[in-house]
Amino acid sequence: MLTITPRTPPVSSRLPNVGTTIFTVMSALAQQHGAVNLGQGFPDFDCDPRLLQAVEQAMRSGLNQYPPMAGVPALREAVAEKVDRLYGRAYDPANEVTITAGATQAILTAILAVVHPGDEVIVLEPCYDSYVPNIELAGGKVVRVALTAGTFRPDFQAIAAAIGPRTRAIVINTPHNPSATVWTRADLDRLATLLRPTDVLLIADEVYEHMVYDGVSHASAASHPELAARAMVVSSFGKTYHVTGWKVGYMLAPRALSDEFRKVHQFNVFTVNTPVQHGLAQYMRDPTPYLELPAFYQRKRDLFRDGLSSTRLRLLPSQGTYFQCVDYSAVSQLDETGFCRWLTTEIGVAAIPLAAFYEDGRNRNLARFCFAKRDETLHAALERLSAL
Ligand SMILES: Cc1ncc(COP(=O)(O)O)c(C=O)c1O
């Protein structure tokens, strides 16, 4: 009898450079050493019980089958209303608002929808870790432009120099993970001027749109008519409503771009969780939760910064997001990964090395903490960090 040895054929990786991320590594290390985990970016507190009730009610009332491909109409309308109120642009909920399985899927879908093999896409480093693999999956060529060293402001000269005949899109992120900087209206104007003579599209990752501090308003690409006309603007309910595990977000774009986006979305996820969409639509009727979010997080930011001010860690500004970066040069000679490991295992607080957000992985003596945590978690971390 013929013996057959089952064999898995080898595959040539589409993403040969992707391995286990530092986020996973640091979280595992934090757990192993009982460290306070300020590494991964998500809250350690629960969402508003009214949101849970709204989702539960949707489930119990039988809203459990496929919704329309682009999202539940009531939720698209709620999003369009919010965006109009805050940013003064009226997106048509029928054709220009699409509900996605989180911002991650929205960004991948946006890139797959518009990037052809060989097209160049500009990313501003340091950047969120999904952009580069997304561009590579689309067959695009990643063009990295560094944010200004030290300040993390966009370097418009360098962006201008990077734009060429093959540039299809630029990805921006404001408020910015990991640096916690925000773009100003003047920044949007400068970008608009650069893009004006080109057909370059804008992918604006604005998942932290409701976390901008010190009385500053978020400068959304949606609020800038010239940019909005060429932009796919992405946001995340997970960040805004403390439900990162639900993976629901949205994408706003003019009809022509939304049409292309939806062609990919349709065969990518097709639809997004029905009862969660209904629950969010109901919950969004009250704007208070997102309007109060800046004050909610600003208090946590200030608590965390005050606590760190007596240490030798140098605090970088935190204008938005729920991150706080520090320069630890006065505390340690270790490189960023070494420092974050040491901080986790010896001091008992996990952080993320900034090198994780750069291709070169070079040491800059910077680490990122997440302050989206209960006050007692922040106090526990500060007590340990006070030794530094
Ligand atoms: C800059 C940025 N973009 C996108 C995402 C992903 O958002 P979502 O959880 O909605 O997929 C994150 C999450 O950390 C992020 O920091």
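Worth saying up front: this structure is predicted, and the values here are computed from it rather than measured.

Draft legend 1. Just the packing of helix 13 (residues 293-308) against helix 15 (residues 375-385), in detail. Direction vectors running N to C along helix 13 and helix 15 enclose 15°, while the axes themselves pass 9 Å from each other. Judged by the angle between their axes, helix 13 and helix 15 are roughly parallel. Pair helix 13 / helix 15 crosses with right-handed handedness. Listed contacts from helix 15 to Arg299, Lys300, Leu303, Phe304, Gly307 and Leu308 of helix 13 are Asp375, Leu378, His379, Leu382 and Leu385. Of the residues belonging to the contact of helix 13 with helix 15, the class tally is six nonpolar, two polar and three charged.

Draft legend 2. Highlighting the sheet that holds strand 7 (residues 231-236). In space, the seven strands of this open sheet follow the order 2-8-7-6-5-3-4, with mixed pairing throughout. Every interior strand has two partners, whereas the edge strands, strand 2 (97-100) and strand 4 (141-146), have only one. Put simply, the sheet's adjacent strands are angled 20° from each other on average, direction ignored. Judged from the four bridges that link them, strand 2 and strand 8 (residues 249-252) form a sheet pairing that is antiparallel. Pairing of Ile99 across the sheet is with Tyr250, part of strand 8. On the sheet, helix 4 (residues 102-114) packs against strand 2, strand 5 (167-173), strand 6 (201-205), strand 7 and strand 8 and is oriented at approximately 160° with respect to strand 7.

Draft legend 3. Structural detail: the packing of aromatic side chains. Under the definition given, this model contains 16 aromatic pairs. Judged by centre distance (6.4 Å) and plane angle (10°), the ring pair of Phe237 and Tyr241 falls under stacked. Residue Phe237 shares its accessibility class with Tyr241, and that shared class is buried. Aromatic side chains Tyr241 and Tyr283 sit 5.0 Å apart centroid to centroid with 80° between the ring planes, which places their arrangement in the edge-to-face category. Placement of the pair is Tyr241 in the loop between helix 9 (237-240) and strand 8 and Tyr283 in helix 11 (residues 274-283), with a sequence separation of 42 residues. By the burial criterion, Tyr241 is buried, and Tyr283 matches it. Here the aromatic residues Phe45, Tyr208, Phe296, Tyr297, Tyr322 and Phe323 are joined through ring pairs into a cluster of three or more. A cation over a ring is seen here: Lys82 above Tyr290, with NZ or CZ 5.6 Å from the ring centre. Here Arg89 stacks its cationic end above the ring of Tyr91, 5.1 Å away from the centre of that ring.

Draft legend 4. Focus on the sheet that holds strand 9 (residues 314-315). An order of 9-10-13-12 is seen for the four strands of this open sheet, with the pairing classed as antiparallel. Since the sheet does not close on itself, it has two edges, and those belong to strand 9 and strand 12 (352-353), each with one partner. Bridge count between strand 10 (residues 323-327) and strand 13 (residues 366-370): five bridges; the pairing is antiparallel. Counted as the bridge partner of Phe323 is Cys370 from strand 13.

What counts and what doesn't
Residues numbered from 1 in each chain as written. Predicted model: local features only at pLDDT ≥ 70, side-chain atom pairs only at ≥ 80, totals over all residues. Heavy atoms only, no water. Axes fitted to C-alpha atoms, helices over the stretch in contact; angles between N-to-C directions. Helix = DSSP H or I, 4+ residues; strand = E, 2+ residues; numbered from the N terminus. Parallel < 35°, antiparallel > 145°, perpendicular 65-115°, else oblique. Left-handed = near helix turned anticlockwise from the far one by under 90°. Contact = heavy atoms within 4.5 Å. Nonpolar A, V, L, I, M, F, W, Y, C, P; charged D, E, K, R; others polar. Pairing = 2+ DSSP bridges. Phe/Tyr/Trp six-rings, centres within 6.5 Å; stacked < 30°, edge-to-face > 60°. Buried < 20%, exposed > 50% of the residue type's maximum accessible area, 1.4 Å probe, protein only. Lys NZ or Arg CZ within 6 Å of the ring centre and 35° of its normal.

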